[in-house]
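Here are the chains, one letter per residue:
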Amino acid sequence: MSSHSAAAALDHHHDPTTSTGIPNKKLLMWAFLASDCMFFGSLIATHLIYRLHPPADNMDPKAVFAPALTSFSTFILLMSSLMMALAVNAIQKSNVRSTRWWLLGTMLFGLIFLGGQVYEFNEFVHIKKMTLSNSILGSTFFTLTGTHGTHVAIGVLWLGLMYVRSFKPLQPTSGWLGHALLHVVTIAGFIVLTMYALIRLLLHVIVAEEPMTYGQYFAGNWWAIAGAVLTFFIATWFAKPRGPVAFNEYNAVDVESMGLYWHFVDIVWIVIFTAVYLLEFI
Amino acid sequence: MSSVAHSPAGAHDAHHVDNKFAIFVQLAFVLAVITGVEIVMVYLPWAKWMIVGGLTVLSVVKFMFVIFIFMHLRWDKPFCTILFFIGLILAVATVTALLQLFIVGDSYPIESAPPRTAAAAPAAGATSTPAPAPAAK
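Nothing here was measured: the structure is a model prediction, and the numbers come from that model.

### Here's the deal with the overall build of chain A
Part 1 of the argument: When you go through chain A residue by residue, the secondary structure sums to nine helices and zero strands.
Part 2 of the argument: Across chain A, helices and strands are ordered from the amino to the carboxyl terminus as α-α-α-α-α-α-α-α-α.
Part 3 of the argument: Projected onto its principal axes, the C-alpha positions of chain A cover 70 × 55 × 30 Å.
Part 4 of the argument: For chain A, the proportion of its 282 residues judged to be buried stands at 51%.
Part 5 of the argument: Considering only contacts in chain A between residues 6 or more positions apart, those separated by 24 or more positions represent 78%.
Part 6 of the argument: Averaged over its 14 positive side-chain charges, chain A has a centre that lies 12 Å from the centre of its 14 negative ones.

Structure representation (structure tokens):
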């Protein structure tokens, strides 16, 4: 039986070896997400209560929030959910190559979302003068959206680890773990250096009050750009196929559990987008 | 028959999986359109209750689409749905209860409570009578 025929025979929604008929990893993730609902529920309730009963000296959210950036972030997160669903769909068909591309796409969109959040927080703190401690609005807003952003960051890290895991050889050698570790480090290095270079470009060249020239920008940030290019090529070298891998449709439950987490982050943002941002502009 | 993929059941499964791909792409398009409608709705000159109601309904629709299709609840065993909805219902009930508690007017920021003098302060351990709430705003 080929791997593709096995994929067709494998039931990804039922595990006869457990008493519930549900894979244990999936059951664990659903239980965790149910508890996380209550966690975010308390944070959203706190924000809404202080918005409905604001102190006299509270900041005006309309003067602080920027609906255009948030709408863009919402769209990005929705599309990342699509990619995550397609990654699960691909691994259920044992299509490892396609799974890797969808995982990378999801990571990229997650990072764009995080970049947008970094930009937004930077603007709120330095331009709008709203900090975590100088107003109730700042306290509840940064706590809620910061917790959500942390969830997204953990999701991106998990996606990266799953991507590297997909390269585990069928017959792992003693050097595989070191190889995988270096792969993770180069990917993390590429992400950090790229985001650093892009955020500096955005803040100091494109939207700054007294923007620097592109020449000044390259002179000050050449090391970040060179590092990003170098780590990109090293990560690509690590990703070269080196024989059969121990990653197929039988790992679908791992990818699916991660996907559940990622989609949960998306549905939390659906609520935050409406309750925290849109309702302020009515 | 050596390959399951060539059996009728295998062909059915393959067709089912391919349909899921199309469903996911179509759903992403629908979610993007709903998000666009939400953004436009905020700027429409409608009554506030209509916009709040509309936004709530659209958010719930997006939420349900994601959990039942992207998160596979539609195809999974009902126990997963029950487990998640226990947490979700508790969360929604907690949010609603907290919002209602603050709406009734018994909770005010500490700054607005009347100052307590030393003579009026009860002895340690004595049962205290709560200070009267200030007049409603």
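Moving on from the model shown.
### Some details on the packing of aromatic side chains
Part 1 of the argument: Per the stated rule, a full pass over the model turns up 25 aromatic pairs over all chains.
Part 2 of the argument: Ring geometry for Tyr 196 of chain A versus Trp 223 of chain A: centroids 5.3 Å apart, planes at 40°, classification tilted. In this pair, Tyr 196 of chain A sits in helix H7 (residues 176-206) while Trp 223 of chain A sits in helix H8 (residues 214-238), placing the two residues 27 residues apart along the sequence.
Part 3 of the argument: With relative accessibility at 41%, the residue Trp 223 of chain A sits in the partly exposed group.
Part 4 of the argument: Looking at Lys 168 of chain A, its charged tip hangs above the ring of Trp 176 of chain A, at a distance of 5.9 Å from the centre.
Part 5 of the argument: Positioned above the aromatic ring of Trp 75 of chain B is the side chain of Lys 20 of chain B, whose terminal nitrogen or guanidinium carbon lies 4.7 Å from the ring centre.

### A short note on the pattern of salt bridges
Part 1 of the argument: Evaluation of the coordinates by the stated rule reveals six salt bridges over all chains.
Part 2 of the argument: Between Asp 254 of chain A and Lys 25 of chain A there is a salt bridge, with the nearest N and O atoms lying 2.6 Å from each other. Placement of Asp 254 of chain A in helix H9 (residues 252-277) and of Lys 25 of chain A in helix H2 (residues 24-52) is noted, with a sequence separation of 229 residues between them.
Part 3 of the argument: Here Asp 76 of chain B ties to Lys 26 of chain A by a salt bridge, and the two come within 2.8 Å at their closest N and O atoms. With Asp 76 of chain B in the loop between helix H2 (48-70) and helix H3 (78-103) and Lys 26 of chain A in helix H2, the pair connects residues from two separate chains.
Part 4 of the argument: Assessed through its relative accessible area of 9%, Asp 76 of chain B is described here as buried.
Part 5 of the argument: Assessed through its relative accessible area of 1%, Lys 26 of chain A is described here as buried.

The rules behind these values
- Residues numbered from 1 in each chain as written.
- Chains lettered and ligands numbered in written order.
- Predicted model: local features only at pLDDT ≥ 70, side-chain atom pairs only at ≥ 80, totals over all residues.
- Heavy atoms only, no water.
- Helix = DSSP H or I, 4+ residues; strand = E, 2+ residues; numbered from the N terminus.
- Buried < 20%, exposed > 50% of the residue type's maximum accessible area, 1.4 Å probe, protein only.
- Contact = heavy atoms within 4.5 Å.
- Lys, Arg positive; Asp, Glu negative; His and termini not counted.
- Charge placed at Lys NZ, Arg CZ, Asp CG, Glu CD.
- Phe/Tyr/Trp six-rings, centres within 6.5 Å; stacked < 30°, edge-to-face > 60°.
- Lys NZ or Arg CZ within 6 Å of the ring centre and 35° of its normal.
- Salt bridge = Lys/Arg side-chain N within 4 Å of Asp/Glu carboxyl O.

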